[in-house]
Amino acid sequence: MLTKDMNMTNVYFIVIFLAITTRLIFVFLFPGSGGDWDIYSTVAENILNGCGVSLSNPESVECIPHFGGNQLPGYPAFVALLWEVFDHKDVSIRLAQTLIYTLSLLWLVRSVYVYTLSARVALLVGIVMAVSPLQIAWPRFTQTETLALATTILVIAELLYSLAYNRLRIIPLAVALSFAMFIRLDGILLTVPTAVTGFIIYKPYRAFKKGLILLLLISIPIGVWTVRNIHVDLPSLFPQNMTFPEGAHQPTGYMKWGWTWITEEYQRPGWGWGVNRFNYDKISIDNKAYDSTAEKNRVEVLLEDLKKYTGQPFPQEIDQEFSEIASERLRNYKFRTLIVNPLKRSLALWTNLFSSYAWPNELPSKVSHQARLEAKRGGIIDLALEYPFIAISKGVTGGYKLFLQVLFLLILVLTISIKIKNEKIKNILWISLSIVLSRTAFFALTNNLETRYSVEAVPGIELLVTYSIVYFFKKYRERVR
């Protein structure tokens, strides 16, 4: 029974039990690795064998320094540490991810209690996130998403503590933000809600002053890593948009061409996944990618020629051809490419209700990329009848996501129209909204159109929706008494 003065120890035990048990079901029954595991594991192996952060083949004598793998080297270092301690067992990674996420959630639950002075709200927030269909399955993968969620939750918790104490907690925030960035580079986007919170607490001058101190602190670990990269003479101090085997250079022309037309999530795998592993014979381009038959014929000739280089880095002469095609499209359709397409990608990040969110319900590989696209565009019934379990489970995650988004937008409208006067709800709204907008803008502009990149915005949305439901329910009960 939820009582106003509920003991917080009981709250913590309930949250721990739900968060761990739900995730362990996925960890033990449906373990997986994921698309980027070959990169993370390669860097981790090289760290263990003394080569350091490198994408060179661990079984070779070559040891070429790299920026960090697919991101900064936080996740490979995490993997290497667990392998060293637990005899190279991958299950240790999944269990450690589950534990770290749970501890982060407990810290958030405590911060909610401190900020709202309500054990009931803290418990409900903890329960919602512990069993959230959009969060529970990620630990089964040896991927960055679980730790990215954990660090996002830590930052949100520190922002709530800051609001409760009416001062930015500079040191804890710097630590949480640094961990977030070293796990995933897009963790830097969490500086946006941090800045928003600073301006809520302080007048502009003091907010800028506090923000500068915080930026200086989080620049220290980044600066140290940059010095290392200069010392080992990396060709670039900035990471590539896509990471390739052996640290090969990315085909910038081909990627620029994709940027001129990709506006749907399921267009991206067929275009990109064959390229970033040199499997050019597996490239599949959506039929809607072309503006004319002549352009389609030109691209198909290039792709046919590209197949000859399967297993090798992308040839520069073909990449140059794609760069010219991309430049032509940009000249001829500048408004569409620079304005319309990013807006379509922004919408696509939030309207795709068919994403698995790490659940073991992906369509079989025999279903082509084009078939998936056509299903999303209206042919979903046939696939649903053929794969009922997949359809039902995707319906759960998609329905829950839609429910969250509708309530989030409703709360936003009510707040803007001054129907909600609760300052705490307003503050949480600005934090969660800033996370949503910053991630949407970044990934839409960079053509990183995958729903999983929006998952770090989920905790803030769930926090806002849960607290708002409690608030409105309380107001309703007061009104009917």
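To be clear, the structure that these remarks concern was listed above.
Only a predicted model underlies this, so the values are computations on that prediction, with no experimental measurement involved.

Calculation rules
Residues numbered from 1 in each chain as written. Predicted model: local features only at pLDDT ≥ 70, side-chain atom pairs only at ≥ 80, totals over all residues. Heavy atoms only, no water. Axes fitted to C-alpha atoms, helices over the stretch in contact; angles between N-to-C directions. Helix = DSSP H or I, 4+ residues; strand = E, 2+ residues; numbered from the N terminus. Parallel < 35°, antiparallel > 145°, perpendicular 65-115°, else oblique. Left-handed = near helix turned anticlockwise from the far one by under 90°. Contact = heavy atoms within 4.5 Å. Core = buried A, V, L, I, M, F, W, Y, C linked by side-chain atoms within 4.5 Å. Buried < 20%, exposed > 50% of the residue type's maximum accessible area, 1.4 Å probe, protein only. Phe/Tyr/Trp six-rings, centres within 6.5 Å; stacked < 30°, edge-to-face > 60°. Lys NZ or Arg CZ within 6 Å of the ring centre and 35° of its normal.

(A) Local environment of the packing of helix α16 (residues 388–416) against helix α17 (residues 423–445). Remark: α16 packs on α17, axes separated minimally by 11 Å, with the N-to-C direction vectors making an angle of 125 degrees. Classed by the angle they form, the pair α16 and α17 counts as oblique. Considering the relative orientation of α16 and α17, their crossing is left-handed. Between α16 and α17, the residues in contact are F408, I411, L412 and T415 and I425, K426, L429, W430, S432, L433 and V436, respectively.

(B) Focus on the nonpolar core. Core analysis: the largest hydrophobic core is formed by 105 residues, its most contacted members being L105, L108, Y254, W257, W271, I285 and F322. Judged by nonpolar contacts, the second largest core, of 13 residues, contains F78, A80, L82 and W83.

(C) How the structure looks around the environment of P459. Relative to the elements of secondary structure, P459 occurs in helix α18 (residues 458–480). In sequence terms P459 and I318 are 141 residues apart; their C-alpha atoms lie 43 Å from each other. In this structure, P459 is in contact with M129, Q135, L149, I153 and I156, ignoring residues within four places of it in sequence.

(D) Broad picture of the packing of aromatic side chains. A full pass over the atoms with the stated rule returns 20 aromatic pairs. Relative to W359, the ring of F26 lies with its centre 5.2 Å away and its plane at 70 degrees, an arrangement referred to as edge-to-face. A residue pair is termed long-range when its members are at least 10 positions apart, and F26 in helix α1 (residues 8–29) and W359 in the loop between α14 (334–351) and α15 (369–386) qualify at 333 residues. On the accessibility criterion, F26 (8% relative accessible area) is buried. According to the relative accessible area criterion, W359 is buried, its value standing at 17%. Centre to centre, the rings of F442 and F443 are 5.0 Å apart; their planes meet at 80 degrees, and the pair counts as edge-to-face. Of the residues examined, F442 reaches a relative accessible area of 35% and is grouped as partly exposed. Joined through ring pairs, the aromatic side chains of Y254, W257, W261, W271, F278, Y280, F314 and F322 make up one cluster. Over the ring of F141 we find R140, and its NZ or CZ is 4.2 Å from the ring centre. The ring centre of Y333 lies 4.1 Å from the NZ or CZ of R336, which sits over that ring.

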